[in-house]
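Residues per chain are reported as follows:
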Amino acid sequence: MAEATVPILEMKNAGKIYAQGGRAIEALRGANLRVRKGEFICLIGASGCGKSTLLRMAAGFESVTSGEALMWDKPIAGPDWSRGMVFQDYGLFPWLSVRDNIGFGPKSRGRARSEIKATCARFIELVGLQSFADVYPHQLSGGMKQRVAIARVLANDAEMVLMDEPFGALDAMTRERLQDELVEIWSRTGLTVLFVTHAIEEAIFLADRVVVMSPGPGRIDSEYVIDLPRPRDVASDAFNEWRKLLSSKLHSHHARKAG
């Protein structure tokens, strides 16, 4: 089967149940999601709706309790370099420089020293950290740390980047700048991105498609193709229409849960 007709990631009726204190907690029920190569998809929803659970299943950190989680039509059996994860807390190695953090994956996979050096240089430049290549994470701002985390995933030849609220701990101005930079990196590299956020505006700004999840247990409620031209103007009438629609959808979930 040609790759063009097979989604890079597919969840088929995927469910997840955790055992907690002798009880079964259903975190996700019957999730169906197809992600095509090169798409930028955002998952949004209230806390506890299963966004991070679905992302961790895609990463291979969690196994499905029911249904299937597939990459290129093959079961996801565990973590793999082809699916890189970026967390809110950066996850950098504090004892390694920026350059060595970025080169960690290629080095671990036995790449030649010259290839590692060229790869590090390429991605350091891509994220604009040429002047910080030899400093350590504690010397960087939050925004710089997140750029290193993104570059580290890209340097490891990831086909797909899974991002769990990566900008949630940053101040508003840094967050906006990194959103712009992420869209630029995505457009230049042809990456596939699955991005979890609770921020409606962030999802509209970034995504080709927004997937709305509802809680109790987590389910995929609806999907929306964001047809706005890029670069996107957050002050435009069209952007505000999307904001109102998705906000109304999420508020309806809160009302149903409260009721």
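Note that the structure is predicted; figures quoted are calculated from it, not measured.

J.: What should I look at first to understand the overall build of the protein chain in this one?
T.: Secondary structure summary: the protein chain contains seven helices and 10 strands in total. Judged by the C-alpha coordinates and their principal axes, the protein chain covers about 60 × 45 × 45 Å. Across the 259 residues that make up the protein chain, the buried fraction comes to 50%. The contacts in the protein chain between residues at least 6 apart in sequence include a share of 70% that link residues at least 24 apart. Accessible surface, the protein chain: about 12,700 Å² in total, of which carbon and sulfur atoms supply 51%.

J.: I'm lost on the sheet that holds strand E10 (residues 219-225) in this one. Help?
T.: Backbone-to-backbone hydrogen bonds pair the strands of a sheet. The strands run either parallel or antiparallel. With respect to topology, six strands assemble into an open sheet ordered E6-E7-E8-E3-E9-E10, the strand pairing being mixed. If you trace the sheet from one side to the other, it starts and ends with strand E6 (83-86) and E10, each paired once. Strand-to-strand twist in this sheet, taken as the mean axis angle between neighbours without regard to direction, amounts to 20°. Here strand E7 (residues 160-164) pairs with strand E8 (residues 192-196) via five bridges, running parallel. Within E8, the position partnered with Val 161 by the bridge is Val 193.

J.: How should the nonpolar core be read in this particular structure?
T.: Across soluble globular proteins, nonpolar side chains show a tendency to be buried alongside one another. Of all hydrophobic cores here, the largest spans 53 residues; its most connected members are Ile 102 and Phe 195. Broken down by element, this core gets its largest block of residues, seven residues, from helix H4 (residues 142-155). When near neighbours in sequence (up to four residues on either side) are disregarded, Phe 195 contacts Phe 40, Ile 41, Cys 42, Leu 43, Met 163, Pro 166, Phe 167, Leu 182, Glu 202 and Leu 206.

J.: Would you mind showing me how to read the pattern of salt bridges here?
T.: A side chain with one charge can pair with a side chain of the opposite charge if their charged atoms come near. In the structure shown here, the tally under the stated rule is 17 salt bridges. For the salt bridge of Arg 34 with Glu 10, the shortest nitrogen-to-oxygen distance reads 3.1 Å. Placement of Arg 34 in strand E2 (residues 23-35) and of Glu 10 in strand E1 (residues 9-20) is noted, with a sequence separation of 24 residues between them. Of the residues examined, Arg 34 reaches a relative accessible area of 44% and is grouped as partly exposed. For Glu 115, the salt bridge identified is with Arg 111, shortest N-O distance 3.5 Å. Look at Glu 115 and you get partly exposed, because its relative accessible area is 38%.

J.: When you look at helix H3 (residues 113-126) in this model, what are you seeing that I'm missing?
T.: At 3.6 residues per turn, the α-helix brings residues three or four places apart onto the same side. The terminal C-alpha atoms of H3, which comprises 14 residues, lie 20 Å apart, in line with the 20 Å expected from a rise of 1.5 Å per residue. Summarising the contacts, the buried residues of H3 are in contact with helix H2 (98-108), H4 and helix H5 (172-189). In the stretch just after H3, Gly 128 is the one whose phi turns positive, near 70°.

J.: Explain the packing of aromatic side chains to me, please; I cannot follow it from the model alone.
T.: Within a pair of aromatic rings, the relevant descriptors are the distance that separates the centres and the angle that separates the planes. As enumerated under the stated definition, the model contains seven aromatic pairs in all. With a centroid separation of 4.6 Å and 55° between ring planes, the pair formed by Phe 93 and Phe 104 is classed as tilted. Here Phe 93 is found in the loop between E6 and H2, whereas its partner Phe 104 is found in helix H2, with 11 residues between them in sequence. The ring of Tyr 18 is capped by Lys 16, whose NZ or CZ atom sits 5.3 Å from the centre of that ring. Over the ring of Phe 93 we find Arg 152, and its NZ or CZ is 5.3 Å from the ring centre.

J.: Any chance you could explain the sheet that holds E2 here in plain terms?
T.: With respect to topology, four strands assemble into an open sheet ordered E2-E1-E4-E5, the strand pairing being antiparallel. Here the strands that pair on one side only, and so sit at the sheet edges, are E2 and strand E5 (74-75). For E1 and E2, the ladder comprises nine bridges, and the chain directions are antiparallel. Opposite Ile 17, over in E2, you have Glu 26 as the bridge partner. Its contacts with the sheet put helix H1 (residues 51-59) on E1, E2 and strand E4 (66-71), and the angle it makes with E1 is roughly 115°.

Each value, and the rule that gives it
- Residues numbered from 1 in each chain as written.
- Predicted model: local features only at pLDDT ≥ 70, side-chain atom pairs only at ≥ 80, totals over all residues.
- Heavy atoms only, no water.
- Helix = DSSP H or I, 4+ residues; strand = E, 2+ residues; numbered from the N terminus.
- Buried < 20%, exposed > 50% of the residue type's maximum accessible area, 1.4 Å probe, protein only.
- Contact = heavy atoms within 4.5 Å.
- Areas by Shrake-Rupley, 256 points an atom, 1.4 Å probe, with all protein chains shown as cover.
- Pairing = 2+ DSSP bridges.
- Axes fitted to C-alpha atoms, helices over the stretch in contact; angles between N-to-C directions.
- Core = buried A, V, L, I, M, F, W, Y, C linked by side-chain atoms within 4.5 Å.
- Salt bridge = Lys/Arg side-chain N within 4 Å of Asp/Glu carboxyl O.
- Expected span 1.5 Å × (residues − 1).
- Phe/Tyr/Trp six-rings, centres within 6.5 Å; stacked < 30°, edge-to-face > 60°.
- Lys NZ or Arg CZ within 6 Å of the ring centre and 35° of its normal.

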